[in-house]
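# Observations on chain architecture
The residues making up each chain are set out below.
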Amino acid sequence: MSTVLVLGFDPHTIPGMDGDGMRAVLDAELARFADHGIDAAMTLLAPDDTAEPAVVAALSSRPWDVVVIGGGIRKPEPALLFFEHVVNLVRRHAPGAAIAFNSSGADSVEAARRHL
């Protein structure tokens, strides 16, 4: 069975975001992985000092075929340095994993399947 890790911001830590609504979208997307026979996990990050240990722990917990980095981390220009740091953590701690990017919280399955 293929393994996928999805990394994204915890929507409850982003000011002005409907945390509960976005979390429902993310949970539904995680369930879609199972529908496609993919063993997936999601690690949601706060944009603070807890992010790096959370990413390293998730990446080190098992071998991953694909790591999907969510658009919330990748798209907003103020998050550029955070995004760069996350990509380098993936490169160091999951060197065998493909890196994929989704366009929204609802298409992580498609992003991962491009590399499986």
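Okay, so let's go over this structure. Keep in mind the model is a prediction, meaning the values are calculated, not measured. (Residues numbered from 1 in each chain as written. Predicted model: local features only at pLDDT ≥ 70, side-chain atom pairs only at ≥ 80, totals over all residues. Heavy atoms only, no water.)

## Thoughts on the side chain of S108
Position of S108 relative to the elements: it lies in helix α5 (residues 108–113). A relative accessible area of 2% means that S108 is categorised as buried. Here S108 is in contact with V6, E29, F33, V68 and N102, once residues within four sequence places are set aside. (Helix = DSSP H or I, 4+ residues; strand = E, 2+ residues; numbered from the N terminus. Buried < 20%, exposed > 50% of the residue type's maximum accessible area, 1.4 Å probe, protein only. Contact = heavy atoms within 4.5 Å.)

## Some remarks on the packing of aromatic side chains
Where two aromatic rings form a pair, the distance of their centres and the angle of their planes describe that pair. For the structure on display, the rule yields 2 aromatic pairs. When the ring centre of W64 is taken as reference, the NZ or CZ atom of R62 above it lies at 5.1 Å. (Phe/Tyr/Trp six-rings, centres within 6.5 Å; stacked < 30°, edge-to-face > 60°. Lys NZ or Arg CZ within 6 Å of the ring centre and 35° of its normal.)

## Description of the pattern of salt bridges
What the rule picks out here adds up to 4 salt bridges. Between E29 and R32 there is a salt bridge, with its nearest N and O atoms 2.8 Å apart. With E29 and R32 both in helix α1 (residues 19–35), this residue pair falls 3 residues apart, about one helical turn. Note on R32: relative accessible area 26%, which makes it partly exposed. Linked through salt bridges whose partners overlap, the residues forming this network are E29, R32 and E110. (Salt bridge = Lys/Arg side-chain N within 4 Å of Asp/Glu carboxyl O.)

## Considerations on the nonpolar core
Counting 20 residues, the largest nonpolar core has L59 and V67 as the members making the most contacts within it. Those residues within four positions of V67 in sequence are excluded, and the remaining contacts are L5, L7, L59, V90, A97, A98, I99 and A100. Counting residues in each nonpolar core, the second largest holds 12 residues, with F33, I38, V68 and A112 among its members. (Core = buried A, V, L, I, M, F, W, Y, C linked by side-chain atoms within 4.5 Å.)

## Some thoughts on the pairing of strand β1 (residues 3–9)
Here β1 lies mainly inside the structure; 7 of its 7 residues are buried. Side chains of β1 alternate between two faces, with T3, L5, L7 and F9 and V4, V6 and G8 buried alike. Both β1 and strand β2 (residues 39–45) contribute to a ladder of 7 bridges, which runs parallel. Opposite T3, over in β2, you have D39 as the bridge partner. Each parallel crossover has a hand, and the one from β1 via α1 to β2 is right-handed. As judged from the 4 bridges shared by β1 and strand β3 (residues 66–69), these two strands associate in the parallel manner. Bridge pairing in β3 links L7 to I69. (Pairing = 2+ DSSP bridges. Right-handed = clockwise from strand over helix to strand, strands pointing away.)

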